[in-house]
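Descriptive structure summary
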Amino acid sequence: MRSSNTSRRLCLLFGLAGAFLPALALDPNRAVSQYIHDEWISGQEFQSGAVHALSQTPDGYLWIGGDRGLVRFDGHGFRPFGDPSFRTSPAVPVQDLAVDSSGSLWIRYQTMAVSQYRGRFAPWQGAVTTMSQGADGSVLLLAPGRGFLHYRVDRTATLPITTSVFNFLVISLAQTADGTVWLGTRDSGLFAFKDGRFSPISQGLPDRKVNCLLPVNDHELWVGTDNGVVRWNGKNLTRAGVPGNLEHVQALSMLRDRDSNIWVGTNSGLYRIGYGGIDVGPQGVPSNVNALFEDREGNLWVGTSRGVERYRDRAFLSYSPAAAVRSESSGPVYVDDDGTVWNGPLDGGLVWRRGTQSGRIAAAGLDRDVIYSIAGGKQELWIGRRRGGLTRLSLRGQPIASQTFTRTAGLDQDSVYAVYAASNGVVWAGTVSAGLSWRHQGVFHTNPAIHGVTAIAESPDGTMWFATSDGIHALAGGQWRAYSGTDGLPPGKVSCLFVDASGLLWIGTPVGLAYLKDNRIEVPREVPPSLQEEIEGMAADEYGGLWISTFNRIARIRRAALLQGTVTSEDVREYGVADGLIGTEGVQRFRSAVADSLGRIWFSTNRGISVVDPSRLTRASVPAIAHIEEVSVDGKTLPANDSYSLPAGSKKTTVKFIGLSLSVPERVKFRYRLDPFDPDWSQPSTGRETTFTNLSPGTYRFRVIATNADGLWNGAEATTSFQMEPEIPQTWWFRFGSVVVAILVIAAIYRLRLSHLTNQLNLRFEERLSERTRIAQELHDTLLQGVLSASMQLHVASDRLPADSPARQPLNRVMELMAQVSREGRNAVRGLRASRDESQDLEQAFLRIPRELAAPEEIKFRVIVDGRQKVIHPILRDDVYRIGREAVVNAFRHSRADAIEVELDYESSELRLFVRDNGCGIDSAVLKSGRHGHFGLTGMRERAERLGGKLTVWSSSTAGTEVVLCVPGHVAFTPENTTRPGRGAGAWFRRIFGKDKPIEGGEE
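Worth saying up front: this structure is predicted, and the values here are computed from it rather than measured.

**A look at the packing of helix H7 (residues 874-894) against helix H9 (residues 936-947)**
- Direction vectors running N to C along H7 and H9 enclose 155 degrees, while the axes themselves pass 10 Å from each other. Compared by their axis directions, H7 and H9 come out roughly antiparallel. Between H7 and H9 lies a crossing whose hand is left-handed. Contact residues: H7 offers Leu876, Asp879, Val880, Arg882, Ile883, Glu886 and Ala887, while H9 offers Gly936, Met940, Arg943, Ala944 and Leu947.
- Looking at the contact of H7 with H9 residue by residue, the classes come out as 7 nonpolar, 1 polar and 4 charged.

Structure representation (structure tokens):
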């Protein structure tokens, strides 16, 4: 795209006078156009040749019809659209474009074929000689043999006309608001059709070839011919209101814009007719202007024989210094009540400009001095000079009278940097390096303590503010007060001061903005970094905006957001060359930014003076329209759709999007998020695509919003959804199956391990049983047989002794001891050779304990058996019995209980033994450390550990004691009785109820 700072075909003298800035032109030879002009020439970015038609669909795209077919423009690039119904040559030249009320685009080709496009092309049956936009949002078509067709979404109305009309070639068509249909022919003039009557209009028509028609209101119609432009005023054709320059031009297209300007495209360029007349003399390379269109943002699009062009309103009008000024940089600026702009260029002198006139002031040697500041009063100016002190100019007559004041008149210094004319008539003069002076009733006064004044401001209550090199000083009611860093003032020299309409003092510092509130200087929060730099000038508009000039930029920020500390991107707007500025750097002068009596804001920059009318910027800002243009997966573009199914295993998903704002598309910013992948919106960015990698399977929704050229997020979001298909390992059934297989494998491993451990235990038990059997055999065959033999010999010896022999009594005692040893030995051998059948006698074994202990009968004792009894390993049975017997014996001997209970619980998963009493419990000290010299409970625990079981003791002084032994079923029971473990070894805990605390270890 190629841009030009001056319109090729548009002079702006009228635009300044009628549409934007009344009575203002700084230098007519150097004024910048009101419009920013861009063009796309065929053969470069644009490839469609001559342009014949322009239109815009509600989705924001600009459509261009030309010699090479239909092209769509999105602000960044051109995309050709070929109608597939033309199989031999899709790029058929396009003659007309129109959009109906439903948003469908109608295309009339050079072949007289018509297509309707809304996402896809739909051919319209029949030939059409001409087409235009109807007055009610319909599309008006002229079809030979069928009459006029008003096409709308809800209906198609046919207006029949006489067959004789088709003897003429109709090349232009329009409808005024009163329902009249106008037809312009190639060589038969103009015709009107209304209420079924067809009327020729010939009187006053400058040429019989009518190229274009423009309805203006209910009755007015502009007619463009090969020999000029005329108006239909409701009664006849007239040239009244048509500038003379358009009398003999070949008019090819016409348009009325939103500001009521009428644009005429001719074979020699573009004209604009407004309130003050016509922009005379198209400039640049002559070309046919075949099509004109105003888009939804107010941009003017021009289709020519060379390509397409755009004219866009500038936010700013900028003016370079007059030719006589050597420096481009401007100094202080002041606009008086008459609209005269006064400026002091940095290289010296005083320049004035009013309307189309400008000049320099040479009085009092001002043309040879540098102007530091300008202030005004009633019909007078006060000029602060670098060397010449303070000069007063009287504007009451000609020539301009001047009066200069220097140190001899009472000034503190001849170098005056800041001058201010207060509302009470006092003129204040701040010198560069000396004190502050003021002139009251013709007499100068000074305050040497206020030195190095850089800026002066006045509050509505009459308080005067002075910025100096060491802070801010205020004069109110004759009292002075100073503000410095202790009051919150940022470090460095204060560069400017400004008091807004509410009386709030704004302060420009080297690090940004500050303001004085409740006698405390505060720095606004959340200010963007671009405004955290030295402030050169400030001014306010009537719409709540604070305009700021810094060393690098010009910006507008919402004052309320600054004071509330809630500044967002929508509250700040920066301006640059695209907005009409020719310089963006502010200058270090007092009053380099001012507001005039009409509310316009003037800036002095490094390249000249710029002015903006905030009232034009406060119009409703047209939102950008966000679109998702393309979704691609791993570099492969998917067909356009509202939702997408992404193949399994996709690594990179790229989404391309756009925000349609055709004014300044490069300013459009985007924020997006992928639900539920992103927790929040992305940061604003100008990038138009994003990529997501390695997304998990699931449903996603992509959302994007866009700003317009003004930075406002005021448009609707664009959305699309896509389903990421899972790979086989990511499917639910695969995962479920994997979990099931894993569980089965773990269960198999567990069973295998359990079987292995059981076999090992069984083997160990068998080994122990075999060993015990061997020991029993050895004891029986050796020791017991020897003891019996010795006993028999002793009996024989005893029988041989006399009855009164003294040896007989000791011998009898020996025989009794040997008999006892023999009985105990037989019992030991019987225990070592215990049979499996005896495993069923645990209940009986426990029942014999009270008799063996000779326990008192008043102690209630019982044995309970739960579950179906199972065969227990003989070795384990003996250990279980010994553990239970030890617990029962302790209960009988130490608990002082009146009820003791033994419970055997044969569960599928474990063998459990409970021994309970309702006695006095076990002392806590004994539970912790045991009783010295006693190892009963310790032995019970050791036996339990050898069994692979768990021994737990619960004890309470009020509830007694409970001893619980749990042995896993695969350990306790023989293999033919062992079943799959169920509830686990911890199930016994649920049987315990009412006990205070579990205690591991202890002894009774």
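Next comes the rest of the description.
**Some points on the pairing of strand E28 (residues 300-304)**
- In terms of burial, E28 is a largely internal element, 5 of the 5 residues being buried.
- Burial along E28 is two-sided: the face carrying Leu300, Val302 and Thr304 and the face carrying Trp301 and Gly303 are both buried.
- Of the pairings in the sheet, the one linking strand E27 (residues 289-294) to E28 comprises 5 bridges and is antiparallel in character. Residue pairing across strands places Phe293 opposite Trp301, the latter belonging to E28.
- Linking E27 back to E28 in an antiparallel pair, the connection comprises 5 residues, with Gly298 at a positive phi of about 90 degrees.
- Taken together, the 4 bridges between E28 and strand E29 (residues 307-313) define a ladder with antiparallel strand orientation. Within E29, the position partnered with Val302 by the bridge is Glu309.
- The loop that links E28 with its antiparallel partner E29 comprises 2 residues.

**Observations concerning the nonpolar core**
- In this structure, Phe846 and Leu876 are the most contacted members of the largest nonpolar core, which totals 40 residues.
- Counting residues per element, this core draws most heavily on H7, which supplies 9 residues.
- Ranked by size, the runner-up nonpolar core spans 33 residues in total, among them Val426, Trp428, Leu505 and Ile507.

**Considering the packing of aromatic side chains**
- For the structure shown, the criterion picks out 39 aromatic pairs.
- Ring centres 5.4 Å apart and planes at 50 degrees place the aromatic pair Tyr372 and Tyr417 in the tilted group. Residue Tyr372 is located in strand E35 (residues 371-377), and its partner Tyr417 is located in strand E39 (residues 416-421); the two are separated by 45 residues in the primary sequence. The same class applies to Tyr372 as to Tyr417, namely buried.
- Feature note: the residues Phe657, Phe670, Tyr672, Phe677, Phe692 and Phe702 constitute an aromatic cluster, connected by ring pairs.

**Thoughts on the environment of Gln588**
- Relative to the elements of secondary structure, Gln588 occurs in the loop between strand E54 (572-575) and strand E55 (593-595).
- Considering only alpha carbons, one finds Gln588 and Ser604, 16 residues apart in sequence, at a separation of 9.4 Å.
- Not counting the four nearest positions on each side in its chain, Gln588 is found in contact with Tyr417, Glu534 and Glu536.

**Details of the sheet that holds strand E7 (residues 94-99)**
- Strand order in the open sheet formed by 4 strands is E7-E8-E9-E10, with antiparallel pairing between adjacent strands. A single partner strand is all that each edge strand has here, and the edge strands are E7 and strand E10 (121-124). This sheet shows a mean twist of 25 degrees between the axes of neighbouring strands, independent of strand direction.
- As judged from the 4 bridges shared by strand E9 (residues 114-117) and E10, these two strands associate in the antiparallel manner. Bridging from a neighbouring strand, Ser115 pairs with Pro123 of E10.

**Observations regarding the sheet that holds strand E5 (residues 69-73)**
- With antiparallel pairing, the 4 strands of this open sheet are ordered in space as E3-E4-E5-E6. Strands with a single pairing partner mark the edges of an open sheet, and in this sheet they are strand E3 (51-56) and strand E6 (78-81). Strand-to-strand, the axes of this sheet are offset by a mean angle of 25 degrees, without reference to chain direction.

**Let's talk about the packing of helix H6 (residues 842-853) against H7**
- In the contact formed by H6 and H7, the axes pass within 10 Å of each other and the chain directions differ by 35 degrees. With respect to the hand of their crossing, H6 and H7 are arranged in right-handed fashion. Within the contact between the two elements, H6 uses Leu842, Ala845, Phe846, Ile849, Pro850, Glu852 and Leu853 and H7 uses Arg877, Val880, Tyr881, Gly884, Arg885, Val888, Val889, Phe892 and Arg893.
- Grouping the constituent residues of the contact of H6 with H7 by class yields 11 nonpolar, 1 polar and 4 charged.

Rules used throughout
- Residues numbered from 1 in each chain as written.
- Predicted model: local features only at pLDDT ≥ 70, side-chain atom pairs only at ≥ 80, totals over all residues.
- Heavy atoms only, no water.
- Axes fitted to C-alpha atoms, helices over the stretch in contact; angles between N-to-C directions.
- Helix = DSSP H or I, 4+ residues; strand = E, 2+ residues; numbered from the N terminus.
- Parallel < 35°, antiparallel > 145°, perpendicular 65-115°, else oblique.
- Left-handed = near helix turned anticlockwise from the far one by under 90°.
- Contact = heavy atoms within 4.5 Å.
- Nonpolar A, V, L, I, M, F, W, Y, C, P; charged D, E, K, R; others polar.
- Buried < 20%, exposed > 50% of the residue type's maximum accessible area, 1.4 Å probe, protein only.
- Pairing = 2+ DSSP bridges.
- Core = buried A, V, L, I, M, F, W, Y, C linked by side-chain atoms within 4.5 Å.
- Phe/Tyr/Trp six-rings, centres within 6.5 Å; stacked < 30°, edge-to-face > 60°.

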